[in-house]
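# An overview of the molecular structure
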Amino acid sequence: MFNRFILIVVFVPLAVILIALAVANREPVAFTLDPFNPGNPALTLTLPLFIFLFLALAIGMIVGSLATWIKQGRYRKLARQRGAEAENLRQAVSRAPTAAQGPALPKPTN
């Protein structure tokens, strides 16, 4: 249900906006990597503007995802360590004899 809500509320309007953006920006634009010689054909791409916009969006999402993944690395490491510690404790408990569960409680007197 939540996935359907996200699909309808977020992705459908986003798709409409991106399609409108692509239709409105179909004119070719020159993108050059040489600031000193902008006419250099070896370092110039001429593509529609919406392709450059979508590429910038995709690169931004990838860089943001990588930054988040790197920043959360210490928490993943801590989770792995705690998981290994929990597994070691589970194995130690399963190997322990069942008779040594602790002191017996006194029987109630009525």
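Preceding this section is the structure that the text describes.
Throughout what follows, the structure given in this document is the object of discussion. None of these values were measured; they are calculated from a predicted model.

### Digging into the packing of aromatic side chains
Overall, the coordinates contain two aromatic pairs when judged by the stated rule. Seen from their ring centres, Phe31 and Phe52 are 5.3 Å apart, and the 40° between their planes marks the pair as tilted. Pair noted here: Phe31 is in strand 1 (residues 28-32) and Phe52 is in helix 2 (residues 49-71), with a separation of 21 residues, a long-range link. For Phe31, a relative accessible area of 40% puts it in the partly exposed group.

### What to know about the environment of Val93
Mapping Val93 onto the fold places it in helix 3 (residues 73-95). Taking the C-alpha atoms as reference points, Val93 and Pro106, separated by 13 residues in sequence, lie 24 Å from one another.

### Quick notes on the packing of helix 1 (residues 2-24) against helix 2
Taken N-terminus to C-terminus, the directions of helix 1 and helix 2 make an angle of 140°; their axes are 7 Å apart at the nearest point. As far as their axial angle goes, helix 2 and helix 1 are oblique. Here helix 1 contributes Leu18, Leu21 and Ala22 to the contact with helix 2, which in turn contributes Phe50, Leu53 and Phe54. Each residue belonging to the contact of helix 1 with helix 2 can be placed in one class, and the counts come to six nonpolar, no polar and no charged.

What counts and how
- Residues numbered from 1 in each chain as written.
- Predicted model: local features only at pLDDT ≥ 70, side-chain atom pairs only at ≥ 80, totals over all residues.
- Heavy atoms only, no water.
- Phe/Tyr/Trp six-rings, centres within 6.5 Å; stacked < 30°, edge-to-face > 60°.
- Helix = DSSP H or I, 4+ residues; strand = E, 2+ residues; numbered from the N terminus.
- Buried < 20%, exposed > 50% of the residue type's maximum accessible area, 1.4 Å probe, protein only.
- Axes fitted to C-alpha atoms, helices over the stretch in contact; angles between N-to-C directions.
- Parallel < 35°, antiparallel > 145°, perpendicular 65-115°, else oblique.
- Contact = heavy atoms within 4.5 Å.
- Nonpolar A, V, L, I, M, F, W, Y, C, P; charged D, E, K, R; others polar.

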